[in-house]
Amino acid sequence: MSAPSRGVNDPSESPDDPADRIAYDPVLAARRVDTLIDAGDLRNAAEVLDEMPPWLVVDVLERSGTKDRAVMFRLLPKDTATYVFEALDPPLQSELIHDLHDSRVSEIFAELDPDDRAGLIDELPAKVATRLMRELDPEEQALTAAVLDYPVGSVGRRMSPEYVSTHPDTTAGQTLERVLQRIDRTETIYALPVTDDERHLVGIVGLRSVMRADPDTPIRELMNEAVSARARESDEKAARRCSGERFIVLPIVDDENRLVGILTFDDALRILQDADSEDTARQGGVEPLRRPYLSTPMRSLVRSRVLWLLVLAVGATLTVQVLEVFESTLEQVVALSLFVPLIIGTGGNTGNQAATTVTRALALGDVRPRDTARVLWQEARTGFTLGLILGSVAFAVAGLVYGVDFGLVIGLTLLSLCTIAASVGGIMPLLANTVRADPAVFSNPFISTFVDATGLIVYFLIARAVLGL
């Protein structure tokens, strides 16, 4: 799905008339349309929506309530409605289908690409999905079913089965004719997979090369070696390959190397955006929303956060138990309690930095689970160096105020804790990947909880040894 041209409605023009800004600012536009709908002035609401570029209508719908969103959608022209529906996240698409209850739903469903249709079906009740599938023509049913045959999370579920391929012995002129015949029924034409008589992928050729060549030139003289992905491979892994190599199209093949679909660069970017949003959310201790924030019901926000808060609260009891064990030590040297926030905060931050760095490197393919030993050595050295710097500063400051012995306790604790935290933070994402868990889940929240308890134990053990408690 490509974004429409903004043309005269390009916000870079920055209109001076406040009334004109409605057509550029999603907040003002949403407020204006909501006001007209509440007043029952649907004619003017339709006119305001018609003046907006489609990309802005998407923003307005995402900012509106469920009821107003359905009314706005009914006011849109057919072409705009199709674009807007495709641009919305699947949960919002599902809500619209639930609220519309008319034949327009079937029309819009039929206009979707098979991969977008499959994503929407995952959000719909089974009865609704079955009804909509039955209303498709046989060809579209077959294309959609081909995508649905692959598991959720695989690139096969996100690929497009609508593509134009060619044969090594086909000429450039014949290939161009084939492209023109299918130009309205394919996802993209700019890169064409090349297959043999058994549909095995043997190469790929760019449309530019085909157009520049003599019409009688065989495709085998123009094609390049194709990089592909298996249909059951992780969609994120395939998308990173497509993005990293800057491919317009990544061919998708089955286990026997037969072409079954393509992943376009825009779909790859969407997959990566979803994956990065999910990782960011889980590193912060929440579940991903999978929809724009302003259109998310309050109950969904609560549900995305409460489980993690409960898990982390239970984990935090470890810190309380450690403090209880060393209660007598705290009673003898009250000043030790003053540095507890420093110890906990520094350890948690060090572990989170390492986890975030390695999680990102893992996602980009820079490291793999077999690199665990190298990552551990790298992060241990990094943590030791950080601890040496921070511990030296803390030794100097605490030593001046509380004495050399006390400064030594703080310095040695930070040195030890930074080394431990960086090491644990570095290998946890790799261990999570090994057991097929989301590395983001095992990063910041759990590492902070683990390092808090471990840091206090190290702190009090060093205090007892140095201060003779």
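Scroll up for the structure.
These numbers were taken from a predicted model, which means no experiment stands behind them. (Residues numbered from 1 in each chain as written. Predicted model: local features only at pLDDT ≥ 70, side-chain atom pairs only at ≥ 80, totals over all residues. Heavy atoms only, no water.)

Trainee: Please explain the overall build of the chain as it appears in this structure.
Mentor: Regarding its fold elements, the chain presents 21 helices and five strands. Burial status across the chain gives 48% buried among its 469 residues. Expressed as a percentage of contacts within the chain between residues at least 6 apart in sequence, the contacts between residues at least 24 apart total 67%. (Helix = DSSP H or I, 4+ residues; strand = E, 2+ residues; numbered from the N terminus. Buried < 20%, exposed > 50% of the residue type's maximum accessible area, 1.4 Å probe, protein only. Contact = heavy atoms within 4.5 Å.)

Trainee: Where do I start with the pattern of salt bridges in this structure?
Mentor: Proximity of charged atoms lets side chains of opposite charge pair with each other. Counted under the stated rule, the structure contains 12 salt bridges. With a closest N to O distance of 3.0 Å, Arg 69 and Glu 95 form a salt bridge. Pair noted here: Arg 69 is in helix H4 (residues 66-75) and Glu 95 is in helix H6 (residues 90-100), with a separation of 26 residues, a long-range link. Overall, Arg 69 belongs to the buried group, its relative accessible area being 2%. In this structure, the salt-bridge partner of Arg 117 is Glu 140, at a minimum N-O distance of 3.0 Å. On the criterion of sequence distance, the pair formed by Arg 117 in helix H8 (residues 114-121) and Glu 140 in helix H10 (residues 138-148) is long-range, its members being 23 residues apart. Here the salt bridges share partners, and the residues they tie into one network are Arg 158, Asp 235 and Asp 274. (Salt bridge = Lys/Arg side-chain N within 4 Å of Asp/Glu carboxyl O.)

Trainee: Before we go on, may I ask you to explain the environment of Thr 35 in this structure?
Mentor: For Thr 35, the location among the structural elements is in helix H1 (residues 26-38). Counting along the chain gives 10 residues from Thr 35 to Ala 45, while the straight-line C-alpha distance between them is 8.7 Å.

Trainee: How do you make sense of the pairing of strand S5 (residues 259-264) when you look at a structure like this?
Mentor: Residues in a regular strand project their side chains so that they alternate between the two faces of the sheet. By the criterion of burial, S5 is predominantly enclosed, with six of the six residues buried. Examined bridge by bridge, strand S4 (residues 249-253) and S5 share five bridges and lie antiparallel to one another. What sits directly across from Pro 251, in S5, is Ile 262. (Pairing = 2+ DSSP bridges.)

Trainee: It is not clear to me how the nonpolar core should be interpreted in this structure. Could you clarify?
Mentor: A general trend in soluble globular proteins is that nonpolar side chains are found buried together. Counting 39 residues, the largest nonpolar core has Met 52, Phe 73, Val 84, Phe 85 and Phe 109 as the members making the most contacts within it. Per-element accounting of this core gives the leading share, six residues, to helix H3 (residues 54-63). If near-sequence neighbours (up to four positions away) are discounted, Val 84 is found in contact with Pro 54, Val 57, Val 58, Leu 61 and Leu 76. Within the second largest apolar cluster, 22 residues are counted, among which are Leu 336, Val 340, Phe 406 and Ala 463. (Core = buried A, V, L, I, M, F, W, Y, C linked by side-chain atoms within 4.5 Å.)

Trainee: How do you make sense of the pairing of S4 when you look at a structure like this?
Mentor: In terms of burial, S4 is a largely internal element, five of the five residues being buried. Across the two faces of S4 the burial is the same, with Val 249, Pro 251 and Val 253 and Leu 250 and Ile 252 all buried. Of the pairings in the sheet, the one linking strand S3 (residues 229-230) to S4 comprises two bridges and is parallel in character. Each residue of the ladder has a partner; that of Arg 230, found in S4, is Val 253. Taking the residues between adjacent antiparallel strands as the criterion, S4 and S5 are bridged by five residues, where Asn 257 takes a positive phi near 65 degrees.

Trainee: Would you explain the packing of H1 against H4 in this entry?
Mentor: The description of two packed helices rests on the angle between their axes and on the distance between the axes. Packing of H1 against H4 brings their axes to within 11 Å, and their N-to-C directions diverge by 90 degrees. Between H1 and H4, the crossing angle belongs to the class labelled roughly perpendicular. Within the contact between the two elements, H1 uses Val 33, Asp 34, Ile 37 and Asp 38 and H4 uses Asp 68, Val 71 and Met 72. Tallied by class, the residues present in the contact of H1 with H4 amount to four nonpolar, no polar and three charged. (Axes fitted to C-alpha atoms, helices over the stretch in contact; angles between N-to-C directions. Parallel < 35°, antiparallel > 145°, perpendicular 65-115°, else oblique. Nonpolar A, V, L, I, M, F, W, Y, C, P; charged D, E, K, R; others polar.)

Trainee: Even after reading the chapter, I still don't get the packing of helix H18 (residues 340-364) against helix H20 (residues 404-434), so can you show me in this structure?
Mentor: Where H18 meets H20, the closest approach of the two axes is 8 Å, and the angle between their N-to-C directions is 30 degrees. Accordingly, the angle class assigned to the pair H18 and H20 is roughly parallel. Of the two elements, H18 crosses H20, and the hand of that crossing is right-handed. Between H18 and H20, the residues in contact are Leu 342, Ile 343, Thr 346, Gly 347, Thr 350, Gly 351, Ala 354, Ala 355, Val 358, Thr 359 and Leu 362 and Ile 410, Thr 413, Leu 414, Leu 417, Cys 418, Ala 421, Ala 422, Gly 425, Gly 426, Pro 429, Leu 430 and Asn 433, respectively. (Left-handed = near helix turned anticlockwise from the far one by under 90°.)

Trainee: Sorry, what's going on with the sheet that holds S3 here?
Mentor: Sheet strands pair by backbone hydrogen bonding; their relative direction is either parallel or antiparallel. Strands sit in the order S3-S4-S5 across an open sheet of three strands; the sheet is mixed. In this open sheet, the two strands that pair with only one neighbour each are S3 and S5.

Trainee: So what exactly am I meant to see when it comes to the packing of aromatic side chains here?
Mentor: Aromatic rings considered in pairs are described by the distance between their centres and by the relative angle of their planes. This model, assessed by the stated rule, comprises five aromatic pairs. Measuring from centroid to centroid gives 5.2 Å for Tyr 402 and Phe 406, while their planes differ by 40 degrees, and the two rings are tilted. The class for Phe 406 is buried, based on a relative accessible area of 5%. Here Arg 117 stacks its cationic end above the ring of Phe 109, 5.7 Å away from the centre of that ring. (Phe/Tyr/Trp six-rings, centres within 6.5 Å; stacked < 30°, edge-to-face > 60°. Lys NZ or Arg CZ within 6 Å of the ring centre and 35° of its normal.)

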